[in-house]
Amino acid sequence: MQMDPTLNLAISLSQKPRGVYAVLLGSGISRAATIPTGYEITLDLIRKIARSQKEDAGSSPEDWFRNKYNEAPRYDTLLKTLGKTPTERQLIIRSYIEPNDDERADGLKVPTAAHKALAKLVKDGYLRMILTTNFDRLMEAALTEEGVEFEVISGDDGIKGAIPYVHGGPVIVKLHGDYRDTRIKNISDELHSYSRMLTRYLDRVLDEFGLIVCGWSADWDTALRSAITRCPNRRFATYWLSKGEQGDLANELIVKRQANVIEIESADDFVTDLAEKVQAIDESLRPHPMSVPTAIATVERYLPNSSDKIRIDHLVRDEAQRLSMLFGANDRFRTEGRHWDVPIAKKRLLEYEEAGARYWSMLASISYYTESAYREYLTEAVEWLLPQSFKRNINQIEKYPSILSMYVVGVTAVAKSNYNNVSAVIADPIITDPITGIQKPAISELNIHYGMERIYNSIYTADGSLSIYSGLEPLRTFSDYLQSTVHRHVSHVLRRSGDFVAAYEELEFLIALTYLDKVGPKLIPYGTYYWSNEVYHLVGGWDYCPLKRTMDKHIGMGDLSPIITAGMFGGSSKHFKELIGTYTAYLAGQKD
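Residues numbered from 1 in each chain as written. Predicted model: local features only at pLDDT ≥ 70, side-chain atom pairs only at ≥ 80, totals over all residues. Heavy atoms only, no water.

**Quick notes on the environment of Glu 140**
Mapping Glu 140 onto the fold places it in helix H9 (residues 138-145). On the basis of relative accessible area, Glu 140 is assigned to the buried category, the value being 9%. Between the alpha carbons of Glu 140 and Pro 111 there is a distance of 8.9 Å; along the sequence they are 29 residues apart. With residues near it in sequence (within four places) discarded, Glu 140 still touches Phe 150, Val 152, Ile 172, Lys 174 and Asp 178. (Helix = DSSP H or I, 4+ residues; strand = E, 2+ residues; numbered from the N terminus. Buried < 20%, exposed > 50% of the residue type's maximum accessible area, 1.4 Å probe, protein only. Contact = heavy atoms within 4.5 Å.)

Here is the structure:
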């Protein structure tokens with residue numbers, strides 16, 4: 001499954017300890033609420049002064065003011081010129097920031113969906129530090145609506161009286177001030193530097209927190225750019241939400257901070273989606289209230305009625321999403337940079353099996369009791385849990401959940417001669433390169449002989465035995481180990497061990513043929529039919545293998561074989577027969 005960047009960030013936020021990311025909000029997030037930027041307000045105030053003097057400020061109001069008064073325009077000076085009393089000045093400010101009745105009715109100048117989603121993340125403990133260049137109070141309003149108690153710092157006085165943030169709750173740091181304070185910063189001269197106290201405070205935040213940048217262009221805020229540039233450490237990642245192309249100054253910071261750039265359509269859509277994904281991950285990490293027997297009974301109760309298909313859809317998809325997020329978000333399933341010694345490899349296999357027991361048991365029932373109604377679901381069962389990568393250095397153990405999905409569905413389907421479902425999990429799944437978009441058969445990444453056998457052999461080398469479970473007879477290959485694991489997940493539908501073993505061996509043979517057909521003749525996976533049957537090694541190979549009688553039966557049926565009518569091997573019995581000949585010759589070569 002290709003992991004989208006929103007999910008990557010959601011996983012980062014959900015990791016413990018929580019609250020280690022600070023959000024930097026720029027004017028872009030308030031612009032969606034139709035609140036002008038500080039600079040836009042400054043220019044509009046200049047235009048009002050010009051009109052009051054029956055002049056036109058032209059296309060560059062700032063230049064007009066400099067030429068007129070021989071000084072740079074300042075927000076507080078402009079307000080004093082236009083408003084003679086504090087009350088008049090407040091009314092001027094509020095006209096830009098606070099909604100009137102009509103604006104409020106139209107949803108203008110009120111917290112946006114992005115503000116509300118951020119407030120929800122703060123309430124749930126995923127965020128607690130918000131830096132903002134905006135001097136409106138939309139973020140404060142959103143937090144208040146969520147019932148969150150928070151602290152606001154909008155100047156040195158606030159820093160002096162603030163509880164140290166390591167001990168306190170959520171904090172909003174208004175880097176440029178608050179609109180009800182005439183000391184807010186608007187123009188480039190005012191944004192060139194911060195006070196010494198704010199500089200030290202900001203340096204510490206940027207050093208100790210990861211950073212999520214939203215709606216900030218970096219074009220005007222010299223002091224803030226300097227603070228980000230001089231930050232010495234990268235304790236946590238930086239995510240830069242980008243709507244369209246970034247300017248040169250922003251790109252310099254992105255490179256300096258080694259930021260992960262995420263292209264977004266809008267802050268509202270992205271942050272809302274982010275909050276939903278974080279919540280889903282959090283729920284996926286909690287123990288599921290439904291036991292394996294209950295899950296099996298629930299699915300089997302719904303299967304006879306087509307009207308209950310949507311219920312099964314929710315059960316299967318929700319469980320697949322839970323596992324996908326669990327394997328991606330939980331640190332115990334992390335594979336990058338991890339050394340796979342024997343204890344870790346053993347533990348990881350068992351953790352995967354325990355986490356997915358409910359899922360694979362449900363798949364077994366669906367595969368066994370249905371013919372083709374859920375073919376799409378079964379294909380997705382393999383694709384959902386498969387890391388989307390062509391790189392061989394991806395740890396093969398990551399693919400174990402998809403391998404289990406393929407085998408659980410496949411063996412139950414073979415046992416019922418339901419080759420539509422067999423094809424659904426070994427021939428239909430695809431994998432997509434997240435960079436190039438090129439697709440290839442997923443089975444090319446699920447070759448247990450190439451990857452998992454090596455991991456299993458390392459356990460054998462260290463232990464002197466291939467048994468992972470104490471008390472069991474030694475299992476000679478990973479295929480043997482997988483057989484015992486799959487049997488536990490399907491035993492509620494395949495109760496006779498003889499039926500299971502025969503189905504398992506036929507499935508592995510069909511997997512090998514499919515791999516040969518779709519990938520090629522190199523590194524074709526073996527199966528227990530090869531390793532466990534001494535006839536291969538001591539008597540006469542394929543001619544004496546019990547599987548030969550099964551395959552001959554299908555060949556004799558020609559294009560009417562259910563394997564062929566299911567669409568496998570190009571729907572050609574001739575091609576099927578040729579593949580068997582090529583593969584058995586390959587096995588004979590391995591024997592020699």
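There is more to say, and it comes next.
**Considering the pattern of salt bridges**
Within the structure shown, the criterion is met by 25 salt bridges. A salt bridge links Glu 62 to Arg 66, with the nearest nitrogen and oxygen atoms 3.2 Å apart. Here the residue Glu 62 and the residue Arg 66 both occupy positions in helix H4 (residues 61-69), the gap between them amounting to four residues, near one helical turn. Since its relative accessible area comes to 31%, Arg 66 is described here as partly exposed. Look at the salt bridges and you will find they share partners, linking Arg 137, Glu 140, Lys 174 and Asp 178 into a network. (Salt bridge = Lys/Arg side-chain N within 4 Å of Asp/Glu carboxyl O.)

**A short note on the nonpolar core**
Ranked by size, the top nonpolar core spans 87 residues in total, and within it Tyr 359, Tyr 407, Ile 426, Leu 482 and Tyr 583 carry the most contacts. The greatest single-element share of this core, amounting to eleven residues, is contributed by helix H24 (residues 497-518). Ile 11, Ala 117, Ala 142 and Ile 281 belong to the second-largest nonpolar core, a separate cluster that totals 38 residues. (Core = buried A, V, L, I, M, F, W, Y, C linked by side-chain atoms within 4.5 Å.)

**Observations regarding the environment of Glu 508**
Residue position: Glu 508 is located in helix H24. A relative accessible area of 1% places Glu 508 in the buried class. On a C-alpha basis, the gap between Glu 508 and Gly 410 in space is 9.0 Å, while along the polypeptide they are 98 residues apart. Residues within four places of Glu 508 in sequence aside, it is in contact with Tyr 407, Ile 448, Ser 479, Tyr 526, Gly 527, Thr 528 and Tyr 529. Within the structure, the side chain of Glu 508 is placed 3.0 Å from the side chain of Tyr 407, a separation counted as a polar contact. (Polar contact = N/O pair within 3.5 Å; in protein donor to acceptor, adjacent residues only side chain to side chain.)

**Observations concerning the packing of aromatic side chains**
If you walk through the whole model with that rule in mind, you get 14 aromatic pairs. On the numbers, 5.7 Å between centres and 45° between planes, the contact of Tyr 407 with Tyr 504 is tilted. In this pair, Tyr 407 is assigned in helix H20 (residues 400-415) and Tyr 504 in helix H24, connecting sequence segments 97 residues apart. A single burial state applies to Tyr 407 and to Tyr 504, both of which are buried. Following the ring pairs from residue to residue traces out a cluster consisting of Tyr 21, Phe 236 and Tyr 239. When the ring centre of Tyr 302 is taken as reference, the NZ or CZ atom of Arg 301 above it lies at 5.2 Å. (Phe/Tyr/Trp six-rings, centres within 6.5 Å; stacked < 30°, edge-to-face > 60°. Lys NZ or Arg CZ within 6 Å of the ring centre and 35° of its normal.)

**What about unusual backbone geometry?**
Of note in the backbone geometry, Ala 218 takes a positive phi value of approximately 75° without being a glycine. Along the polypeptide, Ala 218 turns up in the loop between strand S5 (210-214) and helix H12 (222-230). Classification of Ala 218 as buried rests on a relative accessible area of 0%. Positioned with a positive phi, Ser 417 is a non-glycine residue whose angle comes to about 55°. Checked against the element boundaries, Ser 417 lands in the loop between H20 and helix H21 (419-426).

**Some points on the packing of H21 against H24**
Following both chains from N to C, one finds H21 and H24 inclined at 50°, their axes separated by 11 Å at the closest point. The angle between H21 and H24 places the two elements in the oblique class. The chirality of how H21 crosses H24 is right-handed. In this structure, H21 contributes Tyr 419, Val 422 and Ile 426 to the contact, and H24 contributes Glu 506, Leu 507, Leu 510, Ile 511 and Thr 514. Of the residues in the contact of H21 with H24, the class split is six nonpolar, one polar and one charged. (Axes fitted to C-alpha atoms, helices over the stretch in contact; angles between N-to-C directions. Parallel < 35°, antiparallel > 145°, perpendicular 65-115°, else oblique. Left-handed = near helix turned anticlockwise from the far one by under 90°. Nonpolar A, V, L, I, M, F, W, Y, C, P; charged D, E, K, R; others polar.)

**Digging into the confidence of the model for the chain**
In the predicted model, the chain carries a mean pLDDT of 82, and the fraction of residues at 70 or more is 83%. In the model, residues 389-394 has pLDDT below 50 throughout and makes twelve contacts with residues more than four positions away in sequence or in other chains. (pLDDT = per-residue confidence, 0-100.)

**Description of the sheet that holds strand S6 (residues 238-242)**
Ordered by their spatial adjacency, seven strands build an open sheet running S3-S4-S2-S1-S5-S6-S7, and the pairing between neighbours is parallel. The sheet is open, and its two edges are formed by strand S3 (151-153) and strand S7 (260-263), each paired on a single side. Neighbour to neighbour, the strand axes of the sheet diverge by 20° on average, direction disregarded. In the packing of helix H11 (residues 196-208) onto the sheet, contacts are made with strand S1 (21-25), strand S2 (129-132), S3, strand S4 (171-174) and S5, and the angle to S2 comes to roughly 125°. Packing of helix H13 (residues 248-257) onto the sheet brings it into contact with S5, S6 and S7, and relative to S6 it is tilted by some 155°. (Pairing = 2+ DSSP bridges.)

**Observations regarding the side chain of Glu 506**
Position of Glu 506 among the secondary structure elements: in helix H24. Here Glu 506 is buried and forms no salt bridge, its nearest opposite-charge partner Lys 553 lying at an N-O distance of 8.6 Å. Residues contacting Glu 506, with those up to four places away along its chain left out, are Val 414, Tyr 419, Leu 547, Thr 550, Met 551 and His 554. (Lys, Arg positive; Asp, Glu negative; His and termini not counted.)

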